[in-house]
There are 2 protein chains.
Amino acid sequence: MSSSINKKLLVAVQESRRFMVDCFTAVNVPQDHAKQMADLLVAADYRGHFSHGMNRLEMYLNDLTINSTDGAAVPKILKETPSTAWVDGCNGLGAVVGNFCMDLAIKKAKQVGVGWVCARGSNHYGIAAWYPMRAMKEGLVGMSMTNTSPLMAPTRSKEAALGTNPLCLGVPAKNDKFLLDMATTAVAVGKIEIQRRKGAPLPDGWAQDPDGKVTNDAELAFKTGCLMPLGGLEINSGYKGYGLGGLVDILSGVMSGANYSTKVRKWTHAGANTAADLGQVFIAVDPNCFAPDFEERMCDFNARLRGCTPTDPAKPVLVAGDKETINMKAVDEAGGIEYLPNQLKTCEILSERFKVKPIGFV
Amino acid sequence: MSSSINKKLLVAVQESRRFMVDCFTAVNVPQDHAKQMADLLVAADYRGHFSHGMNRLEMYLNDLTINSTDGAAVPKILKETPSTAWVDGCNGLGAVVGNFCMDLAIKKAKQVGVGWVCARGSNHYGIAAWYPMRAMKEGLVGMSMTNTSPLMAPTRSKEAALGTNPLCLGVPAKNDKFLLDMATTAVAVGKIEIQRRKGAPLPDGWAQDPDGKVTNDAELAFKTGCLMPLGGLEINSGYKGYGLGGLVDILSGVMSGANYSTKVRKWTHAGANTAADLGQVFIAVDPNCFAPDFEERMCDFNARLRGCTPTDPAKPVLVAGDKETINMKAVDEAGGIEYLPNQLKTCEILSERFKVKPIGFV
């Protein structure tokens, strides 16, 4: 949140959600599914991850309009054991598939200790953290991963063959938490866009040029669309980030029988004319199956990390998820989410296009 | 392997193993446990990871001599559900604890789909890949993670609060495999030692100086002992590597009730006077619980990655585990493992100290 908040651009969390529910129902998504999607997207904005929030609304609506996603589809279980399930998302909305699978994993974890659910036939499921957060509410440890459209060049490769493939681990702690949600690329495309708009160079290790060399040219990097894995160059262990991207794709795409690697379609703003058939995995583990007092120890674990002497006293050491907590607090204090003018312009257009009540300001 | 192999330094794999078994039994480790440790260590050398092979023998022997590790200890199950087990390693040898836990996870995965086993009271368990490899032999996907002594500075921190905390994923494929074994620091200490011996500078993002700034001075970095997480600097998403190091510690140390973060002792060459009480996690998943023909798809997945156009035609794109396969082939062709003269000198000293038959050469 900027320190000088422009009141005109502040949207209450509930109003942002209302607008998105209305948009989804306008394209014939059942009310319950529309709510699940709106909850997911507004959570991203509330947490400060604007790229994964209302910013994605138009693309989802485009996919629904041309029927490349089935807004009414209900996931179904194809195969089950006490601790696993294989689910067909039936080309449904990401949140609908993800919530279904995570809740199934939670149920199994409560019964036998671990629930491990793989889905094929899914679509973009927003912030990966959304699903483990459901497990955390039940006192469980949660994980989720998804594959995505090819955008990352394997170490030594000139071309992209894996997506940004995020992984998330959510861990409950007594009055606290640890919530890691990270792409396995060095940075997301959004960060390159920001440097490009600023006219600023890219640091080494973010992106490649068409010859496969690291580039500092944000414009060229944006056009090439070839991100480097976490770690960047091979000498800085970029092959580890590449390996992690592979890990995510294997556990989500290959294991579920969905698309994987270069089989995943490119996702365009206009929507795609084929089903995405993304793969995802949702894992829940009951920490009570192991040493007692887990949440107390997690508090101490976090305290040891946050208590490290900072290199710069103005920048305290954080634990995964702290940035998002700070952002949510700022939204609460401001009374709403501060969207960029561009985003609100898009909302106006969507409002007219789908005959939905325009978004209201605080 | 060097291209000009010095025959005098070549040790057959079986002879390396024999020497290590003899050393362990000389310090009263039961034969079966000695074999498990020797198998683990020689596998590291065979795969080209010399830092985790015979290089560690002297430290293990020192720990056993001063009784900070119990060479005869047998792990015991403290708590069990159909898919989980909580194990006390009873301060036993890493391989003994790890093999016990992984085999238990495999048994559970075959019964209910997933086995998730956490161990407290363990010791250094060598290459993380050793345990998932056991799962792969059974057609299962395996994972393992361990915490280690503090050596990594969290992003923004001046001091170390997490270990190199490796994670491993092993995946079977038809006549192929995917085997990722990576520390969550940018590099291991060994790589800094190599630059130091060469008198060469460090790339940005490997290590910090005592003020918490990134340093290119290998000598200073070695003395400081503060590695940076995978990703390096905050701008290059080092906080993701830091988050992954946390993930490993939570799933291995915190969940098992072992030591974690700064509670883990420093490990010195001379051996430590307290038990390590490391935490580890071993996971096995049966891919047959999900989409059929998993191993066939894994082959195609690997082929898509290896088939990427390389930036430098002389350096083909690899898949996790390929480097180790290449190394094992070179060892087989040479007829033995080529140890460094320093290592062989250490073996001579151990041979005299423990009255063990000296190592023989090919």
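Residues numbered from 1 in each chain as written. Chains lettered and ligands numbered in written order. Predicted model: local features only at pLDDT ≥ 70, side-chain atom pairs only at ≥ 80, totals over all residues. Heavy atoms only, no water.

In the nomenclature of an unreviewed UniProt entry, chain A is known as Malate dehydrogenase of Stomoxys calcitrans. What UniProt records for chain A under Sequence similarities (unreviewed entry) is the sentence "Belongs to the LDH2/MDH2 oxidoreductase family." (UniProt positions renumbered as here; feature names shortened; annotations may be inferred.)

Undergrad: With reference to specific residues and values, describe the pattern of salt bridges.
TA: Residue and element names in this part refer to chain A. Using the criterion set out here, one finds 34 salt bridges over all chains in the structure. Residue D300 is joined to R304 by a salt bridge in which the shortest nitrogen-to-oxygen separation is 2.9 Å. Here R304 and D300 lie together in helix α9 (residues 294–306), a separation of 4 residues that amounts to about one turn. A residue is classified by how much of its surface remains accessible, and D300, at 27% relative accessible area, is partly exposed. (Salt bridge = Lys/Arg side-chain N within 4 Å of Asp/Glu carboxyl O. Helix = DSSP H or I, 4+ residues; strand = E, 2+ residues; numbered from the N terminus. Buried < 20%, exposed > 50% of the residue type's maximum accessible area, 1.4 Å probe, protein only.)

Undergrad: Please set out the relation of the copies chain A and chain B residue by residue, giving values where relevant.
TA: Two copies of a chain can be linked by a rotation about an axis combined with a shift along that same axis. For the pair chain A and chain B, the best superposition has an RMSD of 0.0 Å and corresponds to a rotation of 180° with a translation of 0.0 Å parallel to the axis. The operation mapping one copy onto its partner corresponds to a two-fold rotation axis. Every residue of chain A has its C-alpha some distance from the rotation axis, and the shortest such distance is that of A:G231, at 2.0 Å. In this assembly the copies share their binding face: 100% of the residues contributing to the interface of chain A also contribute to that of chain B. (Least-squares fit on C-alpha atoms with pLDDT ≥ 70 in both. Contact = heavy atoms within 4.5 Å.)

Undergrad: Explain the interface of chain A and chain B residue by residue, including any values.
TA: Counting from both sides, the interface comprises 90 residues of chain A and, opposite them, 90 residues of chain B. Between the two partners, chain A and chain B, sit 2 salt bridges. Across the salt bridge formed by B:E234 and A:K323, the nearest N and O atoms sit 3.9 Å from each other. Summed over the shared surface of chain A and chain B, the result is 46 residue pairs in polar contact (both at pLDDT 80 or more). Taken together, the elements giving at least two residues each to the side of chain A that touches chain B come down to β3 (84–88), β4 (114–122), β5 (141–146), β6 (167–173), β7 (176–182), α8 (238–256), β10 (278–285) and α9 of chain A. Of the residues belonging to the side of chain A that touches chain B, the class tally is 51 nonpolar, 22 polar and 17 charged. (Polar contact = N/O pair within 3.5 Å; in protein donor to acceptor, adjacent residues only side chain to side chain. Nonpolar A, V, L, I, M, F, W, Y, C, P; charged D, E, K, R; others polar.)

Undergrad: Now, about the sheet that holds β4(A): what can you tell me, with residues and values included?
TA: The strand order across the open sheet built from 7 strands is β2-β3-β4-β10-β5-β6-β7 (chain A), with neighbouring strands paired in mixed fashion. For this open sheet the edge positions go to β2 (76–80) and β7 of chain A, each flanked by a neighbour on one side alone. Sheet twist, expressed as the average angle between the axes of neighbouring strands with direction ignored, equals 15°. With respect to the sheet, helix α5 (residues 130–137) of chain A is in contact with β5, β6, β7 and β10 of chain A, its orientation differing from that of β5(A) by roughly 165°. Of the strands in this sheet, β5, β6, β7 and β10 of chain A touch helix α8 (residues 238–256) of chain B, which is tilted by about 130° from β7(A). (Pairing = 2+ DSSP bridges. Axes fitted to C-alpha atoms, helices over the stretch in contact; angles between N-to-C directions.)

Undergrad: Can you lay out the packing of helix α3 (residues 57–65) of chain B against helix α11 (residues 341–353) of chain B for me, pointing to particular residues and giving the numbers?
TA: Residue and element names in this part refer to chain B. Packing of α3 against α11 brings their axes to within 11 Å, and their N-to-C directions diverge by 30°. Put simply, α3 runs roughly parallel to α11. Helix-helix and strand crossings are classified by hand; for α3 and α11 the assignment is left-handed. From α3, L57, E58, L61, N62 and T65 reach across to α11, where they touch T346, L350 and R353. Looking at the contact of α3 with α11 residue by residue, the class counts come to 3 nonpolar, 3 polar and 2 charged. (Parallel < 35°, antiparallel > 145°, perpendicular 65-115°, else oblique. Left-handed = near helix turned anticlockwise from the far one by under 90°.)

Undergrad: Lay out the domain arrangement of chain A in plain terms, naming residues and giving numbers.
TA: Residue and element names in this part refer to chain A. Under the domain assignment used here, chain A contains domain 1 (1–66 + 321–361) and domain 2 (73–186 + 227–309). The C-alpha centroid of domain 2 is placed 23 Å from the C-alpha centroid of domain 1. Across the boundary between the two partners, domain 1 contributes 22 residues, which contact 24 residues of domain 2. Both faces considered, domain 1 and domain 2 share a buried interface measuring about 2000 Å² in area, 63% of it formed by carbon and sulfur atoms. Inspection of the domain 1/domain 2 interface yields 2 salt bridges. For the interface between domain 1 and domain 2, the tally reads 5 residue pairs in polar contact (both at pLDDT 80 or more). Residue assignment for the side of domain 1 that touches domain 2 shows that the elements contributing at least two residues are α2 (31–46), α3 (57–65) and α10 (322–334). Looking at the side of domain 1 that touches domain 2 element by element, the count peaks at 7 residues for α2. Taken together, the residues of the side of domain 1 that touches domain 2 break down into 9 nonpolar, 7 polar and 6 charged. (Domains from an automatic or database assignment. Buried area = accessible area lost by both parts, 1.4 Å probe.)

Undergrad: I'd like a description of the side chain of A:T146, backed by residues and values.
TA: Residues and elements named next belong to chain A. Note on placement: T146 falls in strand β5. Using a relative accessible area of 4% as the deciding quantity, one classes T146 as buried. Looking at T146, its side chain comes within polar contact range of the main-chain oxygen of G279, at 3.5 Å. Sequence-distant contacts of T146, that is, excluding residues within four places in its chain, are made with Y125, N165, P166, V248, S252, L278, G279 and Q280.

Undergrad: Tell me about the environment of A:C289, and name the residues and values.
TA: Residue position: A:C289 is located in the loop between β10 and α9. A residue is classified by how much of its surface remains accessible, and A:C289, at 7% relative accessible area, is buried. The sequence separation of A:C289 and A:K137 amounts to 152 residues, and the corresponding C-alpha distance is 17 Å. Non-local contacts of A:C289, meaning those with residues more than four positions away in its chain, are made with A:G113, B:K79, B:T81, B:T84 and B:W86.

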